[in-house]
Structures are given as structure tokens and as C-alpha cells.
Amino acid sequence: MNRKRLLVIATEGETDAEFYKKVLSTIKLNNDGINFNFDKIDFICAQGISGFAKKIPNKFKNKFATVKFANYEKIVCLCYDLDVFSLEQKPPVDRDKLENDLKAIGVDQVIHIKADKTIEDFFLIDIEGIKRFLRLPRRYKLPNKSGLELLKQMFKDASKTYFKGERVSGLVDALDICLILTKICKQLSVLCNELGYKCSGDKCKRNNH
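Residues numbered from 1 in each chain as written. Predicted model: local features only at pLDDT ≥ 70, side-chain atom pairs only at ≥ 80, totals over all residues. Heavy atoms only, no water.

Caption draft 1: Region of the structure containing the pairing of strand β3 (residues 72–81). Counted residue by residue, β3 has nine buried out of ten residues, so it is predominantly covered. Of the strand pairs in this sheet, strand β1 (residues 4–11) and β3 are connected by seven bridges, and their pairing is parallel. In the sheet register, Ile9 faces β3, and the bridge partner there is Cys77. Here β3 pairs with strand β4 (residues 109–115) via seven bridges, running parallel. Bridge pairing in β4 links Cys77 to Ile111. (Buried < 20%, exposed > 50% of the residue type's maximum accessible area, 1.4 Å probe, protein only. Helix = DSSP H or I, 4+ residues; strand = E, 2+ residues; numbered from the N terminus. Pairing = 2+ DSSP bridges.)

Right under this line is the structure:
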């Protein structure tokens, strides 16, 4: 008897989770609506990268290391920013230890989606979508910043505040996810493979009009 399959996507914040939910639906659409190679997909949130080490294993254990999911093959997809790992200071998470901790409580496989450098860099691929969402004037001049700091400044210029990780109502829906997928294909390829889609890196490009 074949085991069922469970995918748990672990994110730093609520905005990240909302983004990856939209990513999943867009990937499926770009693959002609073929069902994912999973019986169940769920999300857990660490409320910050510093919470990954303890919160992710604890939340997984409480929710999925149960009798209900005893017959499931369990895959965890860790989604996080790379910027905090490129600093000289000690990284906030020992990723090898985290993998071992997850496998110790029943996870069969751990995959990684690494946002280079931050997930805000992913959002900013659709800079025009963000400008429209913030109702910034057409002649708005972009500040000489990048990534998270650029997005924060754009929100500030629109008399709003961007808090990393916290859900911003309407932001993800305002983004052209298909456009973004064409630029982050390599980062997402490990996820697409697990979803059961054999892609040469051209399907999202083909569907981006």
C-alpha cells in the first residue's frame, strides 16, 4: 500500500506564507491544472527567522507527528531569506541541526527555498505592481535602495508602514506572480520537482504574457 504524501511549507512570516500559497496556485495553473503530487499541503509560520530552530519542529510535532499522519510520507519545505546567513555574525539558525531535529520527529525529507537576498527582493521583481498597490504617482522616483529597505521606503513614501513578516492585506494579490516566477525559477525548481512537475524552466515563462 502506497503511503500518502504530506508537504509542510515553513515560512518566516505571514506575508511569506501568503506569497507561497499564491505561488503554488500559479504553478499549478501553469502546469495545466494537473494535481500536485501530494495528498495534503499545509503551512506553519515561525514568526521570524530566529523562531525557525524551535518553533518549526515544535509546530510540526504538535500538528503532524500524530496518528492521523502516521501513514504519510512527510516533506518539509523551509522558506527563508539568505541575507542573514551572509553576515559575518553567527547565523540565527543551524540549518543542518534543524534538518536533523525535523527528521528525528518523523520528517522524511527536508527541502529549501532560499530567497536571495530577501523575499522582498522577490516582491520587487514586480515593481510596477507594488507602485500601483501603494498608489504612488507614475513619475515616482525609486529611492537608491534595494530589497527590504527599498520596500520599506516605498511604503513610507505612500504614508504606510511595512513590517517584515506581517501580513499586508492586498499586497500579494497585487503582484504579478507569473512574472516573478520567471525570475526565481531556479530557487523554486526543487519545490516544482516535489510537486510532481517535470519542467525545463520554461512553463512559467510561456504563461507570462
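The discussion continues.
Caption draft 2: Structural detail: the pattern of salt bridges. Applying the stated criterion to the full structure yields twelve salt bridges. Salt-bridge contacts for Arg3 lead to Asp108; the nearest nitrogen and oxygen are separated by 3.4 Å. Here Arg3, found in the segment before β1, pairs with Asp108, found in the loop between α3 (95–104) and β4; they are 105 residues apart in sequence, far enough to count as distant. Relative accessible area serves as the criterion here: at 35%, Asp108 is assigned to the partly exposed category. In this structure, Lys22 engages Asp173 in a salt bridge whose closest nitrogen and oxygen atoms are separated by 3.5 Å. With Lys22 in helix α1 (residues 14–30) and Asp173 in helix α7 (residues 171–174), the pair connects residues that are 151 residues apart, well separated along the chain. (Salt bridge = Lys/Arg side-chain N within 4 Å of Asp/Glu carboxyl O.)

Caption draft 3: Inspection of the environment of Ala17 at higher detail. Its place among the elements puts Ala17 in helix α1. Overall, the relative accessible area of 11% leaves Ala17 in the buried class. C-alpha of Ala17 to C-alpha of Asp42: the two residues are 25 residues apart in sequence and 10.0 Å apart in space. When neighbours within four sequence positions are excluded, Ala17 is seen to be in contact with Thr11 and Phe43. (Contact = heavy atoms within 4.5 Å.)

Caption draft 4: Here's a closer look at the packing of aromatic side chains. All chains considered together, the criterion is met by ten aromatic pairs. Ring centres of Phe19 and Tyr20 lie 5.2 Å apart, and the angle between their planes is 75°; this geometry places the pair in the edge-to-face category. Plain terms: the ring middles of Phe60 and Phe64 are 5.4 Å apart, the flat faces sit at 45° to each other, and that makes the pair tilted. Here the residue Phe60 and the residue Phe64 both occupy positions in helix α2 (residues 52–64), the gap between them amounting to four residues, near one helical turn. Residue classification places Phe60 among the buried residues on the basis of a relative accessible area of 0%. By relative accessible area, which is 0% here, Phe64 ends up buried. (Phe/Tyr/Trp six-rings, centres within 6.5 Å; stacked < 30°, edge-to-face > 60°.)

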